[in-house]
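# Reading the structure
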Amino acid sequence: MDGEDDFELGGRRYRSRLIVGTGKYADFAETRRAIDASGAEIVTVAVRRVNITDPGRENLLDHVPPEIFTILPNTAGCSTAEEAIRTARLAREAGVGNLVKIEVIGDEKTLFPDVPATIEASRVLVKEGFLVLPYVTDDPVACRRLEDVGCAAVMPLAAPIGSGLGIRNPYNLKIIIEQSRVPVIVDAGVGCASDAARALELGCDAVLMNTAIAGARDPVLMAEAMRLGVEAGRKSFLAGRIPRKLHASASSPIEGMLD
Amino acid sequence: MEIRLNGETRTVEDGLSVADLVGSLGLGGRRVAVELNREILAREDYPATRLAAGDVVEVVQFVGGG
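Residues numbered from 1 in each chain as written. Chains lettered and ligands numbered in written order. Predicted model: local features only at pLDDT ≥ 70, side-chain atom pairs only at ≥ 80, totals over all residues. Heavy atoms only, no water.

### Some words on the overall build of chain B
Counting its secondary structure elements, chain B contains 1 helix and 5 strands. Sequence-ordered secondary structure for chain B, helices as α and strands as β, is β-β-α-β-β-β. Taking 11 Å as the expected radius of gyration for a compact globule of 66 residues, we find that chain B reaches 12 Å, a close match to that expectation. When the backbone C-alpha atoms are referred to their principal axes, chain B occupies close to 40 × 25 × 20 Å. In chain B, which comprises 66 residues, the proportion classed as buried is 42%. Counting contacts in chain B only where the partners sit at least 6 residues apart, residues at least 24 apart contribute 53% of the total. (Helix = DSSP H or I, 4+ residues; strand = E, 2+ residues; numbered from the N terminus. Rg over C-alpha atoms; globule rule 2.2 N^0.38 Å. Buried < 20%, exposed > 50% of the residue type's maximum accessible area, 1.4 Å probe, protein only. Contact = heavy atoms within 4.5 Å.)

Here it is in structure tokens:
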């Protein structure tokens, strides 16, 4: 199956179906160790002001070089379409390519997205040549609108960002997977490796996570667990599960039993 | 002259270029982006772009995030 089951995004092919964030780690070295253990080829980053009182510090990209990893800048922290558009443009100017994860927060407590603003920002940025990956609620209609404006994928949440609650609405995700012609990437809410496996088993193309790895007691070990969970989930999806039945069905033959 | 740099007031020499400003921050050759008075400045324009008193400059980079 090697090479035949690549994950295709924005015209590029990836072997890994796990996309990881780079926030909340103890230091850059741990960030890199966790990414390596996860097998991820695409990593998300945020765009922030340089600390001008201490500008000479190490840079994240020294440890996560764009020559090795596909960098996916996000618009985290933005609460309007305008802010997200501004952030995306700055990210592209900084020179890591055309990918952008659009995140427009509509509510500070739940970090649920402002869907109309997300669609508007995505519409504008697609026209400017960005490959737009929008973080969105697990709402099939919202996902369809985002696909209609030209997003390169849709990224419905499994549960609130950083909550670790796992997949709260697998049925909505199934509908989104069924209707989408672009990749469906579960973004946010995964807590453990079985959650990641479940996302892939449902038929999601990939899963994006940060806190579940960075916040684990042993982030590097959890990164490896997530890699295995994603691989297991994908293979399980491709293999095709048996139907659920109410009653038993013996695995051993009846013939040849002793009298 | 004074400019606003990343939200703080900074005194810089008159007519300082954006390239020199970025260099003085130790960010020459780094993947940063610069906004001058809310307009994104292309990297190739840094040397020829001279700052004026009161300019509002933002210099951003990538940090850890999800």
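Next comes the rest of the write-up.
### Here's the deal with the overall build of chain A
Helix and strand counts for chain A come out as 9 helices and 10 strands. Seen through its C-alpha atoms, chain A measures out along the principal axes to roughly 85 × 40 × 35 Å. Counting all 259 residues of chain A, 50% fall into the buried class. By sequence separation, contacts in chain A at least 24 residues apart represent 64% of the contacts at least 6 residues apart. On chain A, roughly 12,500 Å² of surface is accessible, and the fraction owed to carbon and sulfur atoms is 51%. Charge-centre separation for chain A: the mean point of 30 positive side chains lies 3 Å from the mean point of 36 negative side chains. (Areas by Shrake-Rupley, 256 points an atom, 1.4 Å probe, with all protein chains shown as cover. Lys, Arg positive; Asp, Glu negative; His and termini not counted. Charge placed at Lys NZ, Arg CZ, Asp CG, Glu CD.)

### Details of unusual backbone geometry
Even without a glycine there, the phi angle at A:Ala188 is positive, about 90 degrees. Within the secondary structure, A:Ala188 sits in the loop between strand E9 (185–187) and helix H7 (193–202). Its identity is not glycine, yet B:Arg38 carries a phi of approximately 75 degrees, on the positive side. Here B:Arg38 lies in the loop between strand E3 (33–36) and strand E4 (39–41). B:Arg38 sits in the exposed class, given a relative accessible area of 59%.

### Points about the interface of chain A and chain B
Taken together, the 34 residues of chain A in the interface contact 27 residues of chain B. Summed over both partners, the interface of chain A with chain B buries about 2,700 Å², with 56% contributed by carbon and sulfur atoms. Remark: the boundary between chain A and chain B carries 4 salt bridges. As a salt-bridge pair, B:Glu58 and A:Arg49 come within 2.7 Å of each other at their nearest N and O atoms. Scanning the region where chain A abuts chain B turns up 18 residue pairs in polar contact (both at pLDDT 80 or more). Going through the elements one at a time, strand E4 (42–49), helix H2 (60–63) and helix H3 (81–93) of chain A are the ones with two or more residues in the side of chain A that touches chain B. The greatest single-element share of the side of chain A that touches chain B, amounting to 6 residues, is contributed by E4(A). One ladder, built from 5 bridges, connects E4(A) with strand E5 (residues 56–64) of chain B; its direction is antiparallel. When the sheet's bridge partners are listed, A:Ala46 is paired in E5(B) with B:Val63. (Buried area = accessible area lost by both parts, 1.4 Å probe. Salt bridge = Lys/Arg side-chain N within 4 Å of Asp/Glu carboxyl O. Polar contact = N/O pair within 3.5 Å; in protein donor to acceptor, adjacent residues only side chain to side chain. Pairing = 2+ DSSP bridges.)

### Thoughts on the packing of H7(A) against helix H9 (residues 219–239) of chain A
What describes two packed helices is the angle between their axes and the distance between those same axes. Residue and element names in this part refer to chain A. With their axes 7 Å apart at the nearest point, H7 and H9 run at an angle of 25 degrees to one another. Of the possible angle classes, the one that applies to H7 and H9 is roughly parallel. Note on packing geometry: the crossing formed by H7 with H9 is right-handed. Every residue of H9 that contacts H7 at Ala 193, Ala 196, Ala 197, Leu 200, Glu 201 and Leu 202 is listed here: Ala 225, Met 226, Gly 229, Val 230, Gly 233, Arg 234, Ser 236 and Phe 237. For the contact of H7 with H9, the per-class residue count stands at 9 nonpolar, 3 polar and 2 charged. (Axes fitted to C-alpha atoms, helices over the stretch in contact; angles between N-to-C directions. Parallel < 35°, antiparallel > 145°, perpendicular 65-115°, else oblique. Left-handed = near helix turned anticlockwise from the far one by under 90°. Nonpolar A, V, L, I, M, F, W, Y, C, P; charged D, E, K, R; others polar.)

### Quick word on the nonpolar core
One finds A:Ile71, A:Val186, A:Val207, A:Met209, A:Ile213, A:Met226 and B:Phe62 to be the most contacted residues of the largest nonpolar core, which totals 66 residues. With near-sequence residues (within four places) excluded, A:Val207 lies in contact with A:Arg17, A:Leu18, A:Ile19, A:Ile185, A:Val186, A:Val190, A:Ala196, A:Leu200 and A:Val230. Of all hydrophobic cores here, the second largest spans 19 residues; its members include B:Val18, B:Leu25, B:Tyr46 and B:Leu51. (Core = buried A, V, L, I, M, F, W, Y, C linked by side-chain atoms within 4.5 Å.)

### Section: the packing of aromatic side chains
By the definition in use, this model includes 1 aromatic pair over all chains. One Lys or Arg, A:Arg92, reaches over the ring of A:Phe130 and ends 3.8 Å from the middle of that ring. (Phe/Tyr/Trp six-rings, centres within 6.5 Å; stacked < 30°, edge-to-face > 60°. Lys NZ or Arg CZ within 6 Å of the ring centre and 35° of its normal.)

### Things to note about the environment of A:Arg12
Residue and element names in this part refer to chain A. Mapped onto the secondary structure, Arg 12 falls in strand E2 (residues 12–14). A sequence separation of 58 residues divides Arg 12 from Thr 70, and the C-alpha atoms of the two residues are 9.9 Å apart. Ignoring any residue separated from it by four or fewer positions in sequence, one finds Arg 12 in contact with Phe 7 and Thr 70. Polar contacts involving the side chain of Arg 12 include one to the side chain of Thr 70, which spans 3.1 Å.

### Details of the side chain of A:Thr137
For A:Thr137, the position within the fold is in the loop between strand E7 (131–136) and helix H5 (140–148). Setting aside residues up to four positions removed in sequence, A:Thr137 forms contacts with A:Phe112, A:Pro113, A:Val115, A:Cys143, A:Pro156 and A:Leu157.

### A word on the state of the cysteines
Residues and elements named next belong to chain A. Within the structure shown, the criterion is met by 0 disulfides over all chains. Among the cysteines around Cys 151, which has no disulfide bond, Cys 143 carries the closest sulfur, lying 9.5 Å off. In this structure Cys 151 comes out as buried when scored by relative accessible area, which is 3%. (Disulfide = S-S within 2.5 Å.)

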